[in-house]
Each structure stands twice: as C-alpha cells, then as structure tokens.
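The primary structure of each chain is shown beneath.
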Amino acid sequence: MLDGIVAAWSYDDVAEFQAIPFRLTPLDDLLPYRQPVLARRIVRYVGEPVAVVFARSAYLAEDGADLVELDIDPLPPHMDACSDPVEWLDSESATWTAASASPLPAQDSQATTFAVEYGDVDAAFQAAQGDPRYREFEITAAISRHTGVPLECRGLLAYYDQAEQQLIIDGAAKVPYWNRDAIAAFTGLPPTSVILREGNVGGGFGPRGELYPEDLLVAHAAMRLRAPIKWIEDRQEHLVATNHSRGQQHTVRALVRIEDGWIEALDDRFILDQGAYVRTHGATVASLTASMLAGPYVIPHFRSQAHLRLTHKTPAGTYRSPGRYEGTFVRERLVDAVADALGIDRMQIRRRNFIPALEMPYHRPIQAMGTDLVHDSGDYGLLLDKAHAQFGFEALRTSVRARRSAGEAVGFGLAFFVEKSGIGPAEGARVTIDVAGQVTLWCGASSVGQGVDTVLAQVVAESLGIPHDQIRVVRGKTDQFEFGRGAFATRLAVMAGSAAKIAADNVVSRAKTIAAQHFKVNWEELEVVGGCVRIVESPDVAMPLGEVAALMQPADALLMKDTPGLSAQGWFHTDHMTYPYGLHAAVVNVDRGTGAVQLERFFVAYDVGRALNPALVEGQIAGGVTQGIGGALYEEFLYSPEGTPLCTSFMDYLIPTVHEIPPIEILVTEDAPSPLNPLGVKGAGEGGTTAVAAAIASAVDDALQRPGTVRSVPIRSAALLRHFSDAPRDQARKDHVGHDPSHTSKTKADKEIK
C-alpha cells in the first residue's frame, strides 16, 4: 500500500450496513431498490461508489483510488425507461429489508405503479362516445433529465470526539435532523451523540442535502479510523453521482365539451425514469406529478397512473418544483392544444375551467404528500386579470402579431399553475431574551440560501416591535434545538415562520405577565412596543425587555414561584399544505436561420398569500425562472447506448448564464392569504420554476404558428429549424386551399392530437 494510504474498503468492509432508507413516500414495493453504501456484486450506473480510499491528503487518496482494480463484466444496459421492463434484482443483489436480514424477492425494472384518481374517468369517456357535444384529445409529452447543479458541490468533514463520545459532522444541508437520525442508526450512536452542523449553503434545489452513500461512509470512517475525515465532491463527480430529476414521458387524453372547452375528464399515464436505485425520496416525485396534475382546473373526472421504472442511469430524486414542472408542462400543452383546435382564446379556456373562488377551500378527494389535497384559498381569475393589466398582455399580443406579419418568428405564450407548500406536521421555535435585551431565536430550520434567517428575524421583530437586525437567529445545528424537519417542499415560511410567531407572541405574553407583577397592574393593561413593556394608558411607564428578563434571575424567580429566564417556545402543527398559484408568460423570437430560441421577455404573476419579505420573494421567483429556462431550452443529461454519461462538465451540460436570461417582470399579489396558519403565508420558493417550460413552449408554438410543435423539453433548435425548412410546402398548401396559415395549423393540429 502507498505511504499515506490509511485504509481502503469495498462492499465486504461495510456489509453490515443496511441499504439507505427512505425519507419520503416509502412504498413497500420500492424497498428492494434502495441503494447500498457500496456496490454489491452488480454495478448499476457510472458514478456508483464501488470502493473508498482514505489517505492523509486528497492527492494521495486520488493516487490510491487509481490503484483500485475493478473486475467488472459488462451486462446489457437498460437505458430506455419506456421500453419493456427487464429483470433488475436477484437474490444476491437485492437490497435488504429494514426489519430483517432477508432479501426481498426478485423484481423487474418497473419498481412500482400506482394511480391517483377521483370521479369515474372510464364512465365519462364511455358516456360521451357518439355524443357530438364532446370531443377527445390526446397528446404525448416528455420532459428530459435535469438536475439542480447548486453553486457548491457536496462536501463533509466528520470527526469523532472520543472524550465526549460525539460524532460531529460539518457540511449538513436541507434535512440535518433526519440525516442525523439516519447516521445515528447506521453508527449505533444515540441521536443526541450525533451533531450535524450546517454552514452557509449556496443553493440546494432538491439534490443537495439528501443522504447519499458518501455521508454514511464519512461518518463511519470517522469513528472506525478515529481521525477527522474530509470529503469534497468535484463537479464531474457531482454530475454523475448526485441526484438527477425530471425524466418523464406522458400520454394524456381529455374529454372536452366542444361548445366552451370545458374539460370533463382527464386520463394520464406517465413513465418516470428513476435511474438505477430509488433513493431517499421514495415515490415522492411520481406521487406529486400525479396528485398535482389537475392544477387550477376543476376536471370532474381525473386519473393519473404512474409507472416508476429503473434504468442504468444516475438515480433520480427531487429538483425545484418536482413533479409540478413536469405535470404543468403536460397539462398546459394539452390545454393549448384544445384551445387551438376549438378556436378558443388560450386565456379564456383557462378561465372557463378554473376552480371558482367562491368554492374555496376546494377539496379534491385525493392526497398529495400524504395530506388531503385541499386548495386552501385562491382567486385564479383575479390573478389572470391583474397580470393582464399589469403587464399589458393585450397590447403585447397585438405587437407580436404585427411583428409576425412583418416576417419575424415571434410569439407569446402563457401557462397557469398551482404549487404546494408548507408541509407539516410540525415545527418549533424558542425565543429567549437575556438581561442585556438580546433577543435570540432558536429553531430547527435549515437554510439553503433562501434568506430564512432574515424572514424569521422579521417575524419575531414584528411581535416585539424592534428592528429585525437586533435579533440573533440560531439554527442549522442539531445540538442547539431539539427538532427540525428541514428545508424542502417550500415549507419554512409557513412552518418555521408560524412557529417563530407563536414563540414570539408567547414571550410577549410572558413578559407582560412578569411586568404586570412589577407594575402591580393587570396583564391586559400592558403592551409591548419598541422592545419595552409599557402601560397602555401611561406609556411613559415602561420597562425594557432586558430589565424584565433581569427580574427572572433564578433567585428572584424562585421567590416568585416561577421558572427562571424570559423565554418561550412555540409549536405550529398542521395536517394540510397551502397552495399558492400563479402564471408564467413569455415572448420569444425564433431565429429562422438557426432555429435558436431567444427569450425577449418573461413574466410571472404569483399569489403567495402574504409576502413576509417582498424582495426575497422576488429573488426566489427570479432564481426559479432561471432554472426553469435551463430545463426548457438547454439542460439535458444524455447517455450513450452503453450507459456512458455524455454530460460530465459544463461543456456538455449547458446551464443558462446571465446572457440567456431576459428581463423577468414580476407581480406578487396577496389576495388569498392562507387560513391555515397565523401568518396567512404560502411558500414562494418553487413557483418561479413550475410553469416556465410550458409558457416557453406555448410561445414557440405561437411564433411558428404551428400548434403542437413543442411536445418535449429541452426545445431543440435543430427541430425548429426543420419546421422553417417545411415553410415552402406549407405556403404551397395555403395557396392551394385558400386559407390563412393559422387555419392550416389548426387543421394539422387536429390530426396530430386526434
């Protein structure tokens, strides 16, 4: 062994470890497909960890890794999730159940299938057969593989403090408490002896912060080798090993009333390319796709059937607006197809199908992420009206038509969406005020760069009547607060924000109780303003909160038969998510010479219930739009037929730069506060992404005057260029039949969408 190499492990050295567990949507069908910490007998994708080398420097570790000899016999790759399932697991390679040491039975590459439905789809379609009032539409749409590519790749530093019997891990993100408990189970330590610490995180976007093989290997090595262990992922490793996402193909049909475009029934079947293993998210992405597919529309009869299939690609998980980016693209492409074929304005057909504001809260008899799907509040038509007026859509459309008549391939498109946010079940916080008047908020929230500290400080500051920059926020350390569920599913403004408000209100109540004894007045006669407790009728009689805290030193508190200190906890519980909503719109110009799509303008209107920090909300929206543009026009993980990744650097995996991002015009409204939490807030983290691909696709169709041209993303310039090369034939057909290009397009669309 090379000097400086401390250890090298393969699967046999960590065989006692169970497969990596599920954090969300843990369907029993998926248990055999969990990933082992190191490859066991079969290597299933390029990027799968097969061995680990520990050395005294990163350079020596690289040298040691080069000496590892792999004896791997190639097997036929399975790269197409839409092809027939193949045998996937056998008795030797099947992962182990969580409860026993027995392998589960052999399975094929269709890990699971399930349906989310309400009403009676089959009966609705059958009843409409031969009825001239109805028409069936069908489209196929696909969304390619993307991922979050955060600014920073993954990285961990772990060491075991033998004297304190504590395992300390720096580099946690997103879900440190859940990861703590999982690592504790792997290492045999009690959870209180495992401390995860989160630093500044340059974006998470779904992939970063989940539990990966490297997390467990680093933690185990720190204990086993009794040395600090550091691991930093480089970008190439990130692109082949960290969770991918998207990768769906849908076939969706709708039963539509011809007279007004009312969608009576929708039947969807989709295949999700999960990659080689099912990671911590379980069936979350497929479940969210199916449950949220109906979006803002009533659709009396609905069914979405998911097929979660495995391929020899990097395993997939969540990425900003998981399932909704995909489902919104499919649904809104279908709505556009119906509008174009029936000659109904695209805005008008959406308005006719919206869930009415008077029916809020609106219950769908299905679940999303294990909670009943109840649209808590909303006025979708009002938001459409406000966006129309704010952005001048009518004048914009007129301008686009004029430019197109002058020869430009320019188009306008829009898409509507509903998001979900604020998943529970609980989040807690504690507010403490010391004798110097320092206010500290302690909580289990995590930050992946979305400005959580500022928002939580603002919430507490509002209750105490002081500037938010006077409040210290302590979070991201599992030994500083007892519980926390993490930064995912756009949940923290709702959950941690509400807990912080409750804790702040409770500490205000406690301060008034203490001061009431001091001033010898009733509790109701006091108020907290400007960081002081004062008598309402005599505002000059006041006491700073620091002095109130000083009254509760241990000896004094004992005399008062009270608990020392000025501190209070707050817990917020909920059984339902909140449902923000919005629309995206785009103006595009397609280059006739290259087929390249230039985004000229992009618009977002989004109702978040209440914007706790409007600047941060707009920043989240703009960042989300940028990532959505990447998925719509640039980003796609490609593989060779043999399973070799073809996108292992930013030379191959294209993400948009500032040059490709147009001005993003944003309207944030607060017309539908949520009745489900004390702040009335809904999440803002993912709505900037959700409908980007759908809006751009709609605009490209409009630019080409060919409905149904874009049915997959990313939109490829070569494909659009072929449409321009067909233009002479279209013109000849126009001259022959004697009607305009839009009528020709509708006729063609009718044939394409059946």
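- Per an unreviewed UniProt entry, the protein chain goes by the name Aldehyde oxidase/xanthine dehydrogenase a/b hammerhead domain-containing protein and belongs to Mycobacterium paraense.

1. Considerations on the pairing of strand β5 (residues 155–161)
Side chains on a regular strand alternate between the two faces of the sheet.
So, point 1. The pairing of β5 with strand β8 (residues 229–232) spans four bridges and is classified as antiparallel. Within the sheet, the bridge partner assigned to L157 lies in β8 and is K230.
So, point 2. Pairing geometry for β5 and strand β6 (residues 166–170), over five bridges, is antiparallel. By the bridge assignment, Y159 is partnered in β6 with I168.
So, point 3. Hairpin remark: β5 followed by β6, antiparallel, with four residues in the connecting loop; positive phi at Q165, about 55°.

2. Side note on the nonpolar core
Soluble, globular proteins show a tendency: their nonpolar side chains are buried together.
So, point 1. Grouped together as the largest cluster of nonpolar side chains are 127 residues, with contacts concentrated most on F329, F393, V588, V590, I696 and V700.
So, point 2. Membership of the second largest hydrophobic core comes to 53 residues, among which are C443, A515, M552 and V681.

3. Some words on the sheet that holds strand β17 (residues 471–474)
Neighbouring strands of a sheet are bound in pairs by backbone hydrogen bonds; such pairs are parallel or else antiparallel.
So, point 1. Judged by pairing direction, the sheet is mixed, and its four strands sit side by side in the order β17-β16-β15-β21 without closing on themselves. On the outer flanks of this sheet lie β17 and β21 (566–573), each paired with one strand and no other. Each neighbouring strand pair of the sheet contributes to a mean axis angle of 20°, computed without reference to strand direction.
So, point 2. With five bridges connecting them, strand β15 (residues 426–433) and strand β16 (residues 439–443) associate as antiparallel partners. Counterpart to V431 in the pairing with β16 is L441.

4. Points about the environment of A461
So, point 1. Among the secondary structure elements, A461 is positioned in helix α11 (residues 452–464).
So, point 2. Look at A461 and you get buried, because its relative accessible area is 6%.
So, point 3. Counting along the chain gives 198 residues from A461 to H659, while the straight-line C-alpha distance between them is 39 Å.
So, point 4. When near neighbours in sequence (up to four residues on either side) are disregarded, A461 contacts I466, P467, H468 and I471.

5. A look at the packing of α11 against helix α12 (residues 492–519)
If you want to describe how two helices pack, look at the angle between their axes and the distance between the axes.
So, point 1. Contact geometry for α11 and α12: axes closest at 9 Å, N-to-C directions at 30°. As judged from the angle between their axes, α11 and α12 are roughly parallel. Considering how the two elements wind past one another, α11 and α12 form a crossing that is right-handed. Along the contact surface, α11 presents V452, L456, V459, V460, S463 and L464, while α12 presents L492, A496, G497, A500, K501, A504, D505, V507 and V508.

Calculation notes
- As a convention, each chain's residues are numbered from 1 in the sequence order in which they are written.
- Only residues with pLDDT of at least 70 get local features here, since the model is predicted, and only at 80 or more are side-chain atom pairs given and counted; chain-wide, interface and lining totals rely on the full set of residues.
- Side-chain metrics rest on all non-hydrogen atoms present in the structure, leaving aside hydrogens and water.
- Think of it this way: DSSP has to see at least two bridges between two strands before they count as a pair.
- Secondary structure follows DSSP: runs of H or I at least 4 residues long count as helices, runs of E at least 2 residues long count as strands, and numbering of each begins at the N terminus.
- Residues belong to one nonpolar core when they are buried, are Ala, Val, Leu, Ile, Met, Phe, Trp, Tyr or Cys, and are joined through side-chain atoms within 4.5 Å.
- Residue exposure (1.4 Å probe, protein chains only): buried if accessible area is under 20% of the type maximum, exposed if over 50%, otherwise partly exposed.
- Lines fitted to C-alpha atoms define the axes, with helix axes restricted to the stretch in contact, and inter-axis angles between N-to-C directions lie between 0 and 180 degrees.
- In what follows, residue pairs with any heavy atoms lying within 4.5 Å of each other are defined as contacts.
- Angles are sorted into four bins: roughly parallel if under 35 degrees, roughly antiparallel if over 145, roughly perpendicular if 65 to 115, and oblique for all others.
- Here a crossing is called left-handed whenever its near helix is offset anticlockwise from the far helix by less than a right angle, and right-handed whenever the offset is clockwise.

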